[in-house]
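Okay, here's what each chain looks like letter by letter:
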Amino acid sequence: MTTTGRARLAGVMGWPIGHSLSPLLHNYWLAEYGIDGAYVPLPVAPEHFAQALRLLPLVGFRGVNITVPHKEAALQAVDKADDAARRIGAVNTVVVDDDGSLHGINTDALGFAAHLKASAPEFDATLGPAVVIGAGGAARAAAVALLDMGAPEIRIVNRTLARAEELARHLGGHVRVVDWAGRGRTLADANLVVNTTTQGMTGQPPLALDLAALPAAAVVYDIVYAPAETPLLRMARARGNPVVDGLGMLLHQAVPGFAAWFGVTPVVTPALRAQVLGHVVGEAG
Ligand code: ATR
């Protein structure tokens, strides 16, 4: 498909932006569906972010994804934000409405849940507590998704206890905090455990988590996607737990933005996954 003067435009704003996989996956879908459109990386320094966002309607962009370090700033900068964005405290997708106003949404919780359903269809969140390791933005998205799926209790475990407490206060309801030293023990009756920290990422040490107490049927989810199979997932797979990786979440969170900007709801397929995985492996090695 060639790009014409009528092409629909979108992109991703971040700083730096060179490692983003979003251009690869959105342009894969544009080609797949034969859409006259373009999706480009937009390197935007923090001090220019609000101004750059306001330029979108002026230069005909239908919207953008937002990545590090702008997700929290985007929540302040948009004209209106959806419920998920407010609860997570961050915007990862901006849609330019017909009147030129900026609508901020957060698709991370949706992506988390959609990939969990696709990878572990037997998982029922209502059956037991879910343990969230970490207390950053990714932890917020995972906790919001699990609460919306009906988890009776969320346990937040974070190296820095105060951040876990702050997150629990923000989320309210059935959320409690477990201290870092207790992270192995708290798995004993868990239905799911998810790593939202940077541990296990290429160049970082594995997450120090002993799975010995975890029931064999509990789902182990890792939000890290480079490498696609982290040491945590390898350990979980070896002991027979269902595993869910971060790469699928990355693909699923992209669906609502693409649908809003380009008018087609794209499908996450094994071929897309293989394409993106090739680049993750390429980067890591
Ligand atoms: P994001 O918003 O992408 O989730 P973040 O806010 O930087 O990223 O959060 C990173 C998470 O990884 C935090 O929960 C952090 O724990 P702290 O709050 O104690 O910093 C966690 N993390 C980073 N390095 C870690 C380490 N060596 N051991 C355990 N947790 C770590």
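Residues numbered from 1 in each chain as written. Predicted model: local features only at pLDDT ≥ 70, side-chain atom pairs only at ≥ 80, totals over all residues. Heavy atoms only, no water.

Undergrad: I would appreciate a short explanation of the overall build of the chain in the present structure.
TA: Within the chain, the secondary structure is distributed over 11 helices and 12 strands. Computed over the C-alpha atoms, the radius of gyration of the chain is 19 Å, within 12% of the 19 Å expected from 2.2 N^0.38 for a compact globule of 285 residues. Reported as C-alpha extents along the three principal axes, the dimensions of the chain are approximately 60 × 40 × 35 Å. Taking all 285 residues of the chain together, 52% fall into the buried category. Positive and negative charge centroids in the chain, built from 21 and 24 side chains respectively, lie 2 Å apart. (Helix = DSSP H or I, 4+ residues; strand = E, 2+ residues; numbered from the N terminus. Rg over C-alpha atoms; globule rule 2.2 N^0.38 Å. Buried < 20%, exposed > 50% of the residue type's maximum accessible area, 1.4 Å probe, protein only. Lys, Arg positive; Asp, Glu negative; His and termini not counted. Charge placed at Lys NZ, Arg CZ, Asp CG, Glu CD.)

Undergrad: Sorry, what's going on with the site of the ligand here?
TA: The environment of the ligand is formed by 14 residues, the closest being Gly137, Asn158, Arg159, Thr160 and Arg163. Here an oxygen atom of the ligand sits 2.6 Å away from a polar atom, N or O, in the side chain of Asn158. One of the side-chain N or O atoms of Gln199 is found 3.2 Å from a nitrogen atom in the ligand. Looking at the shell around the ligand residue by residue, the class counts come to three nonpolar, nine polar and two charged. (Near = heavy atom within 4 Å. Polar contact = N/O pair within 3.5 Å; in protein donor to acceptor, adjacent residues only side chain to side chain. Nonpolar A, V, L, I, M, F, W, Y, C, P; charged D, E, K, R; others polar.)

Undergrad: I would appreciate a short explanation of the packing of aromatic side chains in the present structure.
TA: Aromatic ring pairs: the centre-centre distance and the angle between the two ring planes describe each pair. This model, assessed by the stated rule, comprises six aromatic pairs. Arranged with centres 4.2 Å apart and planes meeting at 10°, the rings of Phe112 and Tyr221 form a pair that is stacked. Of the two residues, Phe112 is situated in helix α5 (residues 108-119) and Tyr221 in strand β11 (residues 219-222); the sequence distance between them amounts to 109 residues. Residue Phe112 shares its accessibility class with Tyr221, and that shared class is buried. Measuring from centroid to centroid gives 4.8 Å for Phe258 and Phe262, while their planes differ by 50°, and the two rings are tilted. A residue pair is termed a helical-turn pair when its members lie 3 or 4 positions apart in one helix, as Phe258 and Phe262 do in helix α10 (residues 255-262) at four residues. In this structure Phe258 comes out as buried when scored by relative accessible area, which is 0%. With relative accessibility at 3%, the residue Phe262 sits in the buried group. An aromatic cluster of at least three residues, connected via ring pairs, comprises Trp29, Tyr33, Tyr39, Phe258, Trp261 and Phe262. Directly above the ring of Trp180 sits Arg183, whose terminal nitrogen or CZ lies 4.3 Å from the centroid. (Phe/Tyr/Trp six-rings, centres within 6.5 Å; stacked < 30°, edge-to-face > 60°. Lys NZ or Arg CZ within 6 Å of the ring centre and 35° of its normal.)

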